[in-house]
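# Topology and contacts: notes
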Amino acid sequence: MPNFNMTEKRHTMSVQDPSERRSNFREVVLGYDDEAAISEAKRCIQCKTRSCTRGCPVGVKIPEFLSLVAEGKFEEAYKVIEQDSALPAVCGRVCPQETQCEGKCTRGIKGEPVGIGYLERFVADRHMASGRAEERPRSNGHKVAVVGSGPAGLSCAGDLAKRGYEVTIFEALHLAGGVLVYGIPEFRLPKAIVRREVEALADLGVRIVTNAVVGKSLTVGELLGEYGFEAVFLGTGAGLPRFMNIPGENAKGVFSANEYLTRINLMKAYEEDAATPIFPARRAVVVGGGNVAMDAARCARRMGAEVTVVYRRSEAELPARREEVVHAREEGIIFRFLANPTEILTDGEGNVTGVKCVEMELGEPDASGRRRPVPKAGSAFELEADCVIMALGTSPNPLIGRSTAGLTVKPHGEIFADEGGQTSLEGVFAGGDAVTGSATVILAMGAGKRAAEAIDAYISSRRS
Amino acid sequence: MYRILKREQLNETVVRMELEAPLVARKALAGQFVILRADARGERIPLTIAQTDAKRGTVAVIFQVVGAATMALGAKREGEAIADLVGPLGNPTEVEGLKKVAVIGGGVGCAIALPVAKRLFELGADVTSIVGFRTAELVILEREFRAVSRRMILTTDDGTCGEKGNVCAPLGRLLKEGERFDAVFAVGPLVMMKYVAETTRPYQIKTVASMNPIMIDGTGMCGCCRITVGGEMKFACVDGPDFDAHLVDFDEAMGRLRTYTAFEAQARERNCNLFRKEVK
Ligand code: FES
């Protein structure tokens, strides 16, 4: 009988003190040491239900990797995770574990669930630090193009490269990583980790072409034609920001979260001598309740603003990862639940001076099953602000759809694809937010992996 | 890396650069733009393509050194390379089927107006060019415009060269005299394009403004290039950059362009100091 650790509470990870971190961009959560990791892994009682694995969108063999960690076999544990997840160091940090693996953990029924996310991150960081490079597989002579270098593209490219394909990734920006570099802030996902994931792909022989906008610089047709790729994977994400369509939205001081975050994360506007400007907000209102809203709020806080998050549903419906909400609160961010902006107020020069809102109440459930917020009559109120950041979600980018004849796209711009990512065009596959609309890193990564399998099957069938 | 094959100083602050960019050169059409970065830590600068040579795989850009970013770009020499260049972005200017047009350029905007005039000329259109500058020393591309125009009118604000005044005066005069254009293309400062639109509005002549707002990605991802056209929100990088000038909310666009003025001033100061240090 192995010696399980039956303490009800999990090992906490040390975090940077809120008073300190609210003015820097260094990582907030600092990670386990070997001893804490082993002890935490022993909290897994290896129950037969394996509900954690069923809760994982890509089915990581969690009990197996935890038992290896418990034995101190960290590299072996990594190998287990790697079978199902392409980006463990990333997912360990950004997955909403509380609704996935940890939400299903048997230990969570009485006490706290095992810190699966923390341990995934620990194992992945341990592996990265060991500097073990993957061996470059022998080429099978077949070429595949991957469009977009976010989670879906990276995982699809990685899996194909391991199978011997010659993969080229095309990225529109000057840096690879997609939302991992332009969206998620340094303090939640250090860019060094993304860089190492990208370098690991390069070690596998994947070519990365930056500054190439498929749909403009090249087309899908050209990739399949003159460039000689046998298949194309579209992992172009959901990058098109939504706005509210209310008066004042184009005033000076109103930004999409994408713009605000891109300036900070991709363009490093928080660094002392950055070339990219960032609006010097004193009072910022962030509209939305997802992870992107939390990221924008916490960035604005670090840039020196007093920040209020306005969300139209109640706290229970906040779609953001719970840890981010806790951290945001600790950093002094104020939440205004059940409220929705109706107008952005400006001065004579078009500068933002405030936000007019109404209070909301929850009515009947809507199509998504969540109770629909409806405005309360006569409840208008104003918030003072010089900056408003809209984090209302994003739609898929229309460039590919517009430039690719025969590619079926749904009304909101999502590319039509089946389970394996097959689109309406032969040889063209798609996955991630480009297909589902904005979702999570892990789902996009899973879609990239499934598409890699489908592409492999497609090309193999053509060969024979 | 994208090598600078040629660098010319067109006037005191305006620079023309020919860059190696085969992928872009194959595709670029008049009216489209590129986004480039001088250095690995540099700002992304959107610039309309001034000329394309598909055979040699080059594109030319013309820009005015106004802020820290263009200063860094302007400091690059022939033979050096810039860090990044992406494009062609935006939609090409629609020129098909136009027989008689006026192309209005203001200041460095003339660099963008020229390829449009040239394209129309090549398609056999009757082109009237009206190009305006502040003063004689700033005049650029005069010969190039003459070569592609049936009629070319040059104006300077101070009258040191060509007609005295701004571009709207001769345009208004021609319209009053009964000239009827199929379309008028305006490229230049927002305030100039706004007044061109006002000049043509009474005559209901299709007028196209080439918008150049603040941009980051140029692919529809950040929304900072948004403008209001006919009461609707448009992203200049993917829906434009050309829009119906009679429908564009120019005042709002002018306001948005000033979002980062304070930062720009600081950055310029910092850069100047850096350059000064280097000179010492
Ligand atoms: S420049 Fe980012 S959306 Fe147009």
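All figures in this text were calculated on a predicted structure; none of them were measured in a lab. (Residues numbered from 1 in each chain as written. Chains lettered and ligands numbered in written order. Predicted model: local features only at pLDDT ≥ 70, side-chain atom pairs only at ≥ 80, totals over all residues. Heavy atoms only, no water.)

A separate point is the overall build of chain B. When you go through chain B residue by residue, the secondary structure sums to nine helices and 16 strands. What you see for chain B is a C-alpha radius of gyration of 18 Å, in line with the 19 Å of a compact globule of 280 residues. Counting only C-alpha atoms and orienting by the principal axes, one finds that chain B spans roughly 60 × 40 × 40 Å. Burial status across chain B gives 57% buried among its 280 residues. Across chain B, the fraction of contacts at a sequence separation of at least 24, relative to all contacts at a separation of at least 6, is 63%. If you sum the accessible surface of chain B, you get close to 12100 Å²; carbon and sulfur atoms cover 52% of it. (Helix = DSSP H or I, 4+ residues; strand = E, 2+ residues; numbered from the N terminus. Rg over C-alpha atoms; globule rule 2.2 N^0.38 Å. Buried < 20%, exposed > 50% of the residue type's maximum accessible area, 1.4 Å probe, protein only. Contact = heavy atoms within 4.5 Å. Areas by Shrake-Rupley, 256 points an atom, 1.4 Å probe, with all protein chains shown as cover.)

Moving on, we get to the overall build of chain A. Secondary structure assignment for chain A yields 18 helices and 16 strands. For 464 residues, the compact-globule estimate of 2.2 N^0.38 gives 23 Å, and the C-alpha radius of gyration of chain A, at 23 Å, lies within 12% of that figure. The C-alpha extent of chain A, read off along each of the three principal axes, is 70 × 60 × 50 Å. Of all 464 residues assigned to chain A, the portion counted as buried reaches 59%. Intrachain contacts of chain A at a sequence separation of at least 6 include 69% that bridge at least 24 residues. Taken as a whole, chain A presents about 18700 Å² of accessible surface, with 51% of it coming from carbon and sulfur. Both charge centroids of chain A, one from 57 positive and one from 61 negative side chains, sit 3 Å from each other. (Lys, Arg positive; Asp, Glu negative; His and termini not counted. Charge placed at Lys NZ, Arg CZ, Asp CG, Glu CD.)

Here we take up the domain arrangement of chain A. All names here are of chain A. Entries for chain A in the domain assignment read domain 1 (18-130), domain 2 (143-239 + 396-463) and domain 3 (243-390). Between domain 1 and domain 3, the C-alpha centre-to-centre distance is 31 Å. Of the residues lining the interface, 16 residues belong to domain 1; the matching set on domain 3 comes to 16 residues. When the two sides are added together, the surface that domain 1 and domain 3 hide from each other amounts to roughly 1300 Å², 50% of it contributed by carbon and sulfur. On the domain 1 side of the interface with domain 3, the three residues burying the most area are R22, F25 and E98, jointly 52% of the side's total. Put simply, E330 and R21 hold a salt bridge, and the shortest N to O gap is 2.7 Å. Between domain 1 and domain 3 we count twelve residue pairs in polar contact (both at pLDDT 80 or more) in total. (Domains from an automatic or database assignment. Buried area = accessible area lost by both parts, 1.4 Å probe. Salt bridge = Lys/Arg side-chain N within 4 Å of Asp/Glu carboxyl O. Polar contact = N/O pair within 3.5 Å; in protein donor to acceptor, adjacent residues only side chain to side chain.)

Here we come to the environment of F255 of chain A. Mapping F255 of chain A onto the fold places it in strand β6 (residues 254-256). Each C-alpha atom, one on F255 of chain A and one on A37 of chain A, is 41 Å from the other, the two residues being 218 residues apart in sequence. Not counting the four nearest positions on each side in its chain, F255 of chain A is found in contact with Y260, F279, C387, V388, I389 and M390 of chain A together with R226, T259 and Y260 of chain B.

Residues and elements named next belong to chain B. Domain annotation for chain B reports domain 1 (2-89) and domain 2 (100-257). Across the contact, 16 residues belong to domain 1 and 19 residues belong to domain 2. Together, the buried faces of domain 1 and domain 2 total about 1500 Å²; carbon and sulfur atoms form 66% of this surface. When the area that domain 1 buries against domain 2 is broken down by residue, the three leading residues are N11, F33 and T48, summing to 26%. Where domain 1 touches domain 2, the interface holds zero salt bridges. Remark: the boundary between domain 1 and domain 2 carries three residue pairs in polar contact (both at pLDDT 80 or more). Contributing elements (two or more residues each) for the side of domain 1 that touches domain 2: β3 (33-37), β4 (45-53) and β5 (58-64). The leading source of residues in the side of domain 1 that touches domain 2 is β4, at four residues. Classifying every residue of the side of domain 1 that touches domain 2 gives eleven nonpolar, four polar and one charged. (Nonpolar A, V, L, I, M, F, W, Y, C, P; charged D, E, K, R; others polar.)

Note that an α-helix has 3.6 residues per turn; residues three or four places apart therefore point the same way. All names here are of chain B. Taking 1.5 Å as the rise per residue, helix α3 (residues 110-122) with 13 residues should run 18 Å; its terminal C-alpha atoms sit 18 Å apart, in good agreement. Within α3, burial applies to C110, A111, I112, A113, L114, P115, V116, A117 and L120. G124 sits one or two residues past α3 and shows a positive phi near 90°. (Expected span 1.5 Å × (residues − 1).)

Further remarks concern the pattern of salt bridges. Residue and element names in this part refer to chain A. Applying the stated criterion across every chain, the model contains 54 salt bridges over all chains. Where E71 meets K73, a salt bridge forms, and the shortest distance between an N and an O atom there is 2.9 Å. For K73, a relative accessible area of 35% corresponds to the partly exposed category. Overlapping salt bridges, with partners in common, bring together R21, R188, D295, R298, R302, R321, E323, E324, E330 and E331 in one network.

The subject of this paragraph is the nonpolar core. Among the nonpolar cores identified, the biggest contains 116 residues, and I62, F65, V69, L119, V286, M294 and I455 of chain A are the most heavily contacted of them. The element that contributes the greatest number of residues to this core is helix α18 (residues 441-463) of chain A, accounting for ten residues. (Core = buried A, V, L, I, M, F, W, Y, C linked by side-chain atoms within 4.5 Å.)

What follows is about the packing of aromatic side chains. A full pass over the atoms with the stated rule returns eleven aromatic pairs over all chains. A ring pair is formed by F25 of chain A and Y270 of chain A, whose centres lie 4.0 Å apart and whose planes are at 10°; its orientation type is stacked. With F25 of chain A in the loop between α1 (18-21) and α2 (34-41) and Y270 of chain A in the loop between α13 (257-266) and β7 (283-287), the pair connects residues that are 245 residues apart, well separated along the chain. For F25 of chain A, a relative accessible area of 8% gives the class buried. The partly exposed category is assigned to Y270 of chain A, whose relative accessible area is 23%. Considering the side-chain rings of F243 of chain A and F235 of chain B, the 6.4 Å spacing of their centres and the 90° angle between planes classify their relative orientation as edge-to-face. A residue pair is termed interchain when its members come from two chains, as with F243 of chain A in the loop between β5 (240-241) and β6 and F235 of chain B in strand β15 (residues 232-235). Through a chain of ring-to-ring contacts, three or more aromatic side chains come together here, namely F255, Y260 and F279 of chain A together with Y260 of chain B. Over the ring of Y118 of chain A we find R10 of chain A, and its NZ or CZ is 5.6 Å from the ring centre. (Phe/Tyr/Trp six-rings, centres within 6.5 Å; stacked < 30°, edge-to-face > 60°. Lys NZ or Arg CZ within 6 Å of the ring centre and 35° of its normal.)

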